[in-house]
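Okay, here's what each chain looks like letter by letter:
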Amino acid sequence: MEFLKMHGLGNDFVVVDEITNPSLANQSLPELGRKICDRRFGIGADGLVLLLPSSKADFRMRIINSDGSEAEMCGNAIRCVARYYVEKYKPTKRSLAVETLAGIIKPEVLENNLVRVDMGRPILKPQEIPVAVEEEPVNIPIEVLGQKFYFTAVSMGNPHAVIFVDSLAKIELEKIGPAIETHPLFPRKTNVEFVEIENSKKVKVLVWERGAGATLACGTGASAVVVAGRILGHLTEAVEVILPGGSLFINWNFGESVYMTGPAEIVFRGEYYL
Ligand SMILES: N[C@H](CCC[C@H](N)C(=O)O)C(=O)O
């Protein structure tokens with residue numbers, strides 16, 4: 001199986017183009033995802049990303065986390081597959097429509113390996129996120145491992161629990177992350193973002209991803225952070241989200257789509273023996 005190894009700010013993916021020759025049709029994707037993403041016995045990645053034919057978009061993207069679970073959307077991956085698609089198929093336009101489980105997402109490939117993505121509108125209704133609360137899911141208290149946090153839940157097609165803290169230095173991500181990811185309040189589990197505010201235009205974020213653990217960056221997570229930050233009145237329309245792997249630039253106005261701009265890099269091409 002031919003693949004490309006790509007990443008967005010160090011959130012790395014094995015990208016397989018199934019548009020012309022669907023070689024994985026009869027594979028179990030969860031099992032294949034776990035094997036390919038294993039950093040010792042496989043290629044090693046945060047996720048396996050497939051490009052597939054689509055009847056309602058330029059192509060379809062599927063994202064399998066390293067634990068084998070399938071996610072509705074992935075911000076860093078969609079930048080990667082958009083750049084790949086434009087360089088491989090040389091379409092007349094650099095703005096694409098990509099079918100995902102979160103709906104049609106629209107990336108635009110810019111110069112110098114940057115991609116700007118219309119991420120669609122955030123989902124804020126508890127039952128659609130989903131999060132098991134009746135009220136508006138803003139500043140909801142949650143206690144894990146003897147520590148109390150307040151989260152704001154936002155979906156970008158995939159669920160996020162955004163937690164603003166005074167200092168990221170005190171966050172024990174490997175302990176607290178999984179405890180919130182798998183908390184009963186989240187019927188489909190959740191991604192978790194811890195946020196330290198520098199100012200209304202700049203935040204620092206640590207991410208614990210559903211089905212992938214601590215990653216260097218999360219595009220849907222950065223988007224959810226700015227939505228939550230604006231709802232809480234902490235952030236302006238245009239925000240730099242500083243992640244361990246680098247910065248994503250997010251724009252959001254109430255009632256509109258979230259826009260995310262960031263890099264997409266190709267590291268190597270390879271052949272995996274199924
Ligand atoms: N682990 C995530 C999917 C990948 C999201 C992240 N890598 C991004 O860039 O948005 C989930 O299960 O919702």
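Cut-off values and rules
- Residues numbered from 1 in each chain as written.
- Predicted model: local features only at pLDDT ≥ 70, side-chain atom pairs only at ≥ 80, totals over all residues.
- Heavy atoms only, no water.
- UniProt positions renumbered as here; feature names shortened; annotations may be inferred.
- Domains from an automatic or database assignment.
- Contact = heavy atoms within 4.5 Å.
- Buried area = accessible area lost by both parts, 1.4 Å probe.
- Helix = DSSP H or I, 4+ residues; strand = E, 2+ residues; numbered from the N terminus.
- Phe/Tyr/Trp six-rings, centres within 6.5 Å; stacked < 30°, edge-to-face > 60°.
- Buried < 20%, exposed > 50% of the residue type's maximum accessible area, 1.4 Å probe, protein only.
- Polar contact = N/O pair within 3.5 Å; in protein donor to acceptor, adjacent residues only side chain to side chain.
- Near = heavy atom within 4 Å.
- Areas by Shrake-Rupley, 256 points an atom, 1.4 Å probe, with all protein chains shown as cover.

In the nomenclature of an unreviewed UniProt entry, the protein chain is known as Diaminopimelate epimerase of Carboxydothermus pertinax. Listed in UniProt under the heading Sequence similarities (unreviewed entry), the comment for the protein chain reads: "Belongs to the diaminopimelate epimerase family." If you open the UniProt record of the protein chain and go to Catalytic activity (unreviewed entry), you find "(2S,6S)-2,6-diaminopimelate = meso-2,6-diaminopimelate".

Asks: Quick one: what's the story with the domain arrangement of the protein chain, residue by residue and with numbers?
Replies: Examined at the domain level, the protein chain breaks down into domain 1 (2-108 + 263-271) and domain 2 (126-256). Centre-to-centre separation of domain 1 and domain 2, based on C-alpha positions: 24 Å. Between domain 1 and domain 2, the residue contacts involve 18 residues of the former and 20 residues of the latter. Taken together, the two surfaces of domain 1 and domain 2 that pack against each other cover about 1,200 Å², and 47% of this comes from carbon and sulfur.

Asks: Go over the UniProt feature "active site" (unreviewed entry) in the protein chain, please, and point to the residues and values.
Replies: Those residues carrying the UniProt feature "active site" (unreviewed entry) are Cys 74 and Cys 218 in this numbering. Considering the C-alpha atoms alone, the annotated residues occupy 145 residues of sequence yet fold into one spot, their largest mutual distance being 7.7 Å. Mapped onto the elements, Cys 74 comes out in the loop between strand S5 (70-71) and helix H2 (75-89). Setting aside residues no more than four positions away along its own chain, Cys 74 makes contact with Asn 11, Phe 13, Met 61, Ile 63 and Thr 220. For Cys 218, the location among the structural elements is in the loop between strand S14 (213-215) and helix H4 (219-231). Excluding residues that lie within four positions of it along the chain, Cys 218 makes contacts with Asn 76, His 160, Glu 193, Val 207, Glu 209, Leu 243 and Leu 248.

Asks: An account of the packing of aromatic side chains is needed here, citing residue identities and associated values.
Replies: Counting across every chain of the model gives 7 aromatic pairs. Relative to Phe 268, the ring of Phe 3 has its centre 5.9 Å away and its plane inclined at 80 degrees; by these criteria the two rings are edge-to-face. Of the two residues, Phe 3 is situated in strand S1 (residues 2-8) and Phe 268 in strand S18 (residues 265-271); the sequence distance between them amounts to 265 residues. Residue Phe 268 is classed as partly exposed on the basis of its relative accessible area, which comes to 37%. When the centroid spacing of 4.9 Å and the interplanar angle of 40 degrees are considered together, the rings of Tyr 85 and Tyr 89 count as tilted.

Asks: So what's going on with the side chain of Thr 215? Which residues, and what values?
Replies: Positionally, Thr 215 belongs in strand S14. Of the polar contacts made by the side chain of Thr 215, one reaches the side chain of Glu 209; its length is 2.9 Å.

Asks: Could you give me a rundown of the site of the ligand, with the residues and numbers involved?
Replies: By nearness alone, 14 residues border the ligand, and Gly 75, Glu 209, Arg 210, Gly 219 and Thr 220 come closest of all. Asn 65 is positioned with one of its side-chain polar atoms (N or O) 2.9 Å from a nitrogen atom of the ligand. At 2.9 Å from an oxygen atom of the ligand is found a side-chain nitrogen or oxygen belonging to Asn 191. Within the complex, 99% of the 360 Å² of free accessible area of the ligand lies under protein. Residue assignment for the shell around the ligand shows that the elements contributing at least two residues are H2 and H4.

Asks: Talk me through the UniProt feature "binding site: substrate" (unreviewed entry) in the protein chain; I want residue IDs and the actual numbers.
Replies: In the numbering used here, UniProt assigns the "binding site: substrate" (unreviewed entry) feature to Asn 11, Asn 65, Gly 75, Asn 76, Asn 158, Asn 191, Glu 209, Arg 210, Gly 219 and Thr 220. For Asn 11, a relative accessible area of 1% puts it in the buried group. Asn 11 has contacts with Met 6, Asp 46, Cys 74, Asn 76, Glu 209, Thr 215, Leu 216 and Ala 217, leaving out every residue within four places of it along the chain. As for its position among the elements, Thr 220 is in helix H4. Aside from chain neighbours lying at most four places away, what touches Thr 220 is Met 73, Cys 74, Gly 75, Met 119, Met 156, Asn 158 and His 160.

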